[in-house]
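The primary structure of each chain is shown beneath.
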Amino acid sequence: VSSVELTQHYLDRIKQLNNKINCFITVTEEQALEQAKAADTAIAAGNASPLTGIPLAHKDLFCTEGVKTSCGSKMLDNWVAPYESTVTGNLKAAGTVTLGKLNMDEFAMGGSNENSFYGPVRNPWNKEMVPGGSSGGSAAAVAAGLAVATTGTDTGGSIRQPASMCGITGLKPTYGRVSRWGMVAFASSLDQAGPMARTAQDAAMLLNVMAGFDPKDSTCMDRAVPDYTATLDQPLKGLRIGLPKEYFAEGLDAKVEQVIRDAIAEYEKLGATVKEISLPRTHHSVAAYYVIAPAEASANLSRFDGVRFGYRCEDPKDLEDLYKRSRGEGFGSEVKNRIMVGAYALSAGYYDAYYAKAQKIRRLIRDDFLKAFEEVDVIMGPTAPTPAFPIGAKANDPVAMYLGDIFTISTNLAGLPGMSVPAGFVDGLPVGLQIIGPHFEEARLLNAGHQFQ
Ligand code: GLN
């Protein structure tokens, strides 16, 4: 098929199904068809990359020149970025087609996609269920066949957890592997963009283009990007898998555990060896994250003041009224919670007790992983403790929601790559296997994911 035909197919499906799933905030039909035409011309001229003409869609926190970037917030409902993020720019330069921008939890804060100004995203496997979050629109779009693959971002699990709940493959790269330039910042020391796709092979093709040095992001590493597709077929014989006993403990749904144990048994059949390991500080990770992430968010979100960007209240009485009402009306409640928690944790008198303590815990969590990786090549376990849950079920219980991140958050605190691959089903809902690797070993994760698929 031509790229125009392929693109038209996806645009038709979006028209037919988006009102049921609510995964797209913006559909860029005209632009997509133009890009597809250009891609077909490039292919005819023998001037194509492996991704030329492939229709993708992007989480609505990647700045896209000339197309609204809302970040799932009323604050940015009318904001059009004057420049392009490095990730989306790289993908465009590779010839991909952009179908539009995807729904998400407001400012990427959430684990269920219920915190969006544009309403909840619905899980394509069961529309009463959440798709996971915050990249829920990205996961649902792939699962429902409304895009070939998508981009997401992961600060505490937001690529892997929705990938698990929607039955797709999602990879959070090592911190510093992919440029954060042009991503609306949530928690800058944790945020990382990655691919969300049907298979590890598709994810590898996207990561090939997304990864790499960018002088515009000072935390982006100047390190060669391997061809992630080149090692997908390596045999897994001798791969040493570690199972952290803390990931198979209380709180893990028994049926999810069975799916994960069955997946591990498949790896043993492929020649991998399995041993139990310990990540003893796991139980501190959620607490440390929910100090560090809000602290960084409170600083990052101070730029939304009603003056420079986005939403401005009507008829402000004076400057203070302008700030207060613009922020009060522009942000949703979860974002306000995080700003307040973060500002508190950073304030004089509390900084050492909360923020500095959390940073020390963060280092210990990283040390636990590095020690584990002296004995094993990858760590495996569940991505999330449960399959998707009903929309509304945890809406009034933020702590229950936060505990859903228990298996993903420590990876971000340690800066490690982590991936979720579909492993099976519990009561008709997909469940993901998480694979965590040492820093910059994305190729190893993709290889392990591909061999399993
Ligand atoms: N669920 C976590 C949170 O609410 C993680 C979000 C993310 O990774 N962006 O902060």
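Residues numbered from 1 in each chain as written. Predicted model: local features only at pLDDT ≥ 70, side-chain atom pairs only at ≥ 80, totals over all residues.

The name an unreviewed UniProt entry gives the chain is Glutamyl-tRNA(Gln) amidotransferase subunit A, with Parendozoicomonas haliclonae as the organism. Entered under Subunit (unreviewed entry) in the UniProt record, the comment concerning the chain runs "Heterotrimer of A, B and C subunits." Annotation of the chain in UniProt includes, under Catalytic activity (unreviewed entry), the sentence "L-glutamyl-tRNA(Gln) + L-glutamine + ATP + H2O = L-glutaminyl-tRNA(Gln) + L-glutamate + ADP + phosphate + H(+)". (UniProt positions renumbered as here; feature names shortened; annotations may be inferred.)

1. A short note on the packing of helix H1 (residues 3-21) against helix H2 (residues 29-44)
Between H1 and H2, the shortest axis-to-axis distance is 8 Å and the interhelical angle comes to 155°. On the basis of the axis angle, H1 is roughly antiparallel to H2. For the pair H1 and H2, the crossing hand works out as right-handed. Facing H1, whose interface residues are Ser 3, Val 4, Thr 7 and Leu 11, H2 presents Glu 29, Ala 32, Leu 33, Ala 36, Lys 37, Ala 39 and Asp 40. (Axes fitted to C-alpha atoms, helices over the stretch in contact; angles between N-to-C directions. Helix = DSSP H or I, 4+ residues; strand = E, 2+ residues; numbered from the N terminus. Parallel < 35°, antiparallel > 145°, perpendicular 65-115°, else oblique. Left-handed = near helix turned anticlockwise from the far one by under 90°. Contact = placed C-beta atoms within 7 Å.)

2. Quick word on the nonpolar core
Within the largest apolar cluster, 127 residues are counted, with the highest numbers of intra-cluster contacts made by Ala 141, Ala 147 and Val 378. Non-local contacts of Val 378, meaning those with residues more than four positions away in its chain, are made with Leu 239, Ile 241, Ile 435, Ile 436, Gly 437, Arg 444, Leu 445 and Ala 448. (Core = buried A, V, L, I, M, F, W, Y, C linked by C-beta atoms within 7 Å. Buried ≥ 20, exposed ≤ 12 C-beta atoms within 10 Å, placed from the backbone.)

3. Some thoughts on helix H11 (residues 352-372)
With 21 residues, H11 ought to run about 30 Å at 1.5 Å a step, and its terminal C-alpha atoms sit 29 Å apart, in line with that. Within H11, burial applies to Tyr 354, Tyr 355, Ala 358, Arg 362, Ile 365, Asp 368 and Phe 369. One side of H11 holds all its buried residues, which, seen down the axis, span an arc of 130°. For H11, the exposed residues set more than 90 degrees away from the buried face come down to Asp 352, Ala 353, Ala 356, Lys 360, Asp 367 and Leu 370. Against the buried residues of H11 lie helix H8 (282-300), helix H10 (333-346) and helix H13 (409-414). (Expected span 1.5 Å × (residues − 1). Arc of directions from axis to C-beta.)

4. Observations concerning the environment of Ile 339
Residue placement: Ile 339 occurs in helix H10. The spacing of Ile 339 and Ala 295 is 44 residues in sequence and 7.3 Å in space, taken between C-alpha atoms. Contact partners of Ile 339, with chain neighbours within four places excluded, come to Ala 297, Ser 298 and Leu 301.

5. Some details on the site of the ligand
Taken together, 13 residues lie around the ligand, and Ala 108, Gly 111, Thr 155, Gly 156 and Ser 158 are the ones closest in. Each residue belonging to the shell around the ligand can be placed in one class, and the counts come to four nonpolar, seven polar and two charged. (Near = placed C-beta within 6 Å. Nonpolar A, V, L, I, M, F, W, Y, C, P; charged D, E, K, R; others polar.)

6. Details of helix H3 (residues 86-93)
Taken residue by residue, H3 has Thr 86, Val 87, Thr 88, Asn 90 and Leu 91 as its buried positions. Looking at the buried residues of H3, the elements they touch are strand S2 (55-59), strand S4 (149-154), strand S6 (192-197) and helix H6 (200-210). Backbone geometry just downstream of H3 places Gly 95 in the positive-phi region, at approximately 95°.

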